[in-house]
Amino acid sequence: MSKILGYYTLNSHGKPLDVVVSVSRRTKNINIKIKEKVHLIVPEYTDMNIAYGFLMSKEILIRKKFFTGVIDHCDASDGLPEFIEILGRKMKIKLKHSHKNEIHISADTIIIESDKSYKKELKNFLKQLLFNEIKAVIQNIALEKGFVHSEIFVKELRSIWGSCSSTGNLSFNWRLVFAPIEVLNYVIIHELCHLKEMNHSRKFWVMVAKHCPKYKEHIKWLKLNGKMLGSHRIFQ
């Protein structure tokens, strides 16, 4: 049974379109249903900024289906969100048909210049952004707190957000690029603390709390919203 929370209006690509926003105990993922009205259904305790961001990223497709009943899957940008949260910043994604085949950032816009499939290139671009951010954070913390690590990796990790090897290598899930920056920082600190405590003992969590006092909030956020990070169809 779902409970109506209110309404959200989509207006970036045409006349205002009201969306019924509901919360359901039964659903595990954010869902959009299009019938006589457009419905956004979210699990309990969902971060609504993520839910509305997901909704806005689908606005063009929602309008096509709601007003025409069909979706043109031949659209070259089909599945590409209009906006996306990257390292805590809301960024617009713009596709330009070009022979350059490159991706770059201008102000708050990720510009994809391509005349072919760009899925792999976009993912690699975001991985590099995340790597650069993680490297900068680790350098600052390691210098100040005395953590000694080996190499840093950004990987396709299925069920964990990060790991620390016995040789001091640090690995991070690439989907953290979509997480709020404070959540990313928590995961970084978590793995750095494993350099000194290779377990989840009380001593380990005391160390995490020392460097990240609100770590419990970030753990809860990941449990509630982690499945939605990078859930856009283009990254599937």
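Refer to the structure presented above.
Participant: Would you take a moment to explain the overall build of the protein chain for this structure?
Facilitator: Across its full length, the protein chain carries 6 helices and 11 strands. Taking the principal axes of its C-alpha atoms as reference, the protein chain extends roughly 60 × 50 × 25 Å. By the burial criterion, 44% of the 236 residues in the protein chain qualify as buried. Taking as baseline every contact in the protein chain between residues at least 6 positions apart, the subset at least 24 positions apart corresponds to 43%. Accessible surface, the protein chain: about 13,600 Å² in total, of which carbon and sulfur atoms supply 52%. Taking the average place of the 38 positive charges on the side chains of the protein chain and the average place of its 23 negative ones, the gap between the two points comes to 6 Å.

Participant: Would you explain the packing of helix α3 (residues 119-145) against helix α4 (residues 181-193) in this entry?
Facilitator: Put simply, α3 and α4 touch, their axes get as near as 11 Å, and they point 60° apart. Considering the angle they form, α3 stands oblique to α4. For the pair α3 and α4, the sense of crossing is right-handed. On the side of α3, the interface is formed by Leu130, Glu133, Ile134, Val137, Ile138 and Ile141, while α4 contributes Ile181, Leu184, Asn185, Ile188, Ile189 and Leu192. Of the residues that constitute the contact of α3 with α4, the class distribution is 10 nonpolar, 1 polar and 1 charged.

Participant: What's the story with helix α1 (residues 48-57) in this structure? I'm lost.
Facilitator: Residue pairs spaced three or four apart in an α-helix point in one direction, given the helix's 3.6 residues per turn. Every buried residue of α1 is accounted for by Ala51, Phe54, Leu55, Met56 and Ser57. The N-terminus of α1 is capped by aspartate 47, whose side-chain oxygen sits 2.9 Å from the backbone nitrogen of asparagine 49.

Participant: Which parts of the structure should I look at to understand the packing of aromatic side chains?
Facilitator: Any pair of aromatic rings gets described here by the distance separating the centres and the angle formed by the planes. Scanning all chains against the criterion turns up 4 aromatic pairs. Note on tyrosine 8 and tyrosine 52: the rings are 4.3 Å apart at their centroids and 20° apart in plane angle, and the pair reads as stacked. Separated by 44 residues along the polypeptide, tyrosine 8 in strand β1 (residues 2-10) and tyrosine 52 in helix α1 bring together distant segments of the chain. On the basis of relative accessibility, which here comes to 22%, the residue tyrosine 52 falls in the partly exposed class.

Participant: Honestly, the packing of α4 against helix α6 (residues 215-225) in this entry has me stumped. Any pointers?
Facilitator: Following both chains from N to C, one finds α4 and α6 inclined at 105°, their axes separated by 9 Å at the closest point. Judged by the angle between their axes, α4 and α6 are roughly perpendicular. Here Glu182, Val183, Tyr186 and Val187 of α4 come into contact with α6, specifically with Tyr215, His218, Ile219, Trp221 and Leu222. When the residues that make up the contact of α4 with α6 are grouped by side-chain class, the tally is 7 nonpolar, 1 polar and 1 charged.

Here is what the cut-offs are and how they apply
- Residues numbered from 1 in each chain as written.
- Predicted model: local features only at pLDDT ≥ 70, side-chain atom pairs only at ≥ 80, totals over all residues.
- Heavy atoms only, no water.
- Helix = DSSP H or I, 4+ residues; strand = E, 2+ residues; numbered from the N terminus.
- Buried < 20%, exposed > 50% of the residue type's maximum accessible area, 1.4 Å probe, protein only.
- Contact = heavy atoms within 4.5 Å.
- Areas by Shrake-Rupley, 256 points an atom, 1.4 Å probe, with all protein chains shown as cover.
- Lys, Arg positive; Asp, Glu negative; His and termini not counted.
- Charge placed at Lys NZ, Arg CZ, Asp CG, Glu CD.
- Axes fitted to C-alpha atoms, helices over the stretch in contact; angles between N-to-C directions.
- Parallel < 35°, antiparallel > 145°, perpendicular 65-115°, else oblique.
- Left-handed = near helix turned anticlockwise from the far one by under 90°.
- Nonpolar A, V, L, I, M, F, W, Y, C, P; charged D, E, K, R; others polar.
- Polar contact = N/O pair within 3.5 Å; in protein donor to acceptor, adjacent residues only side chain to side chain.
- Phe/Tyr/Trp six-rings, centres within 6.5 Å; stacked < 30°, edge-to-face > 60°.

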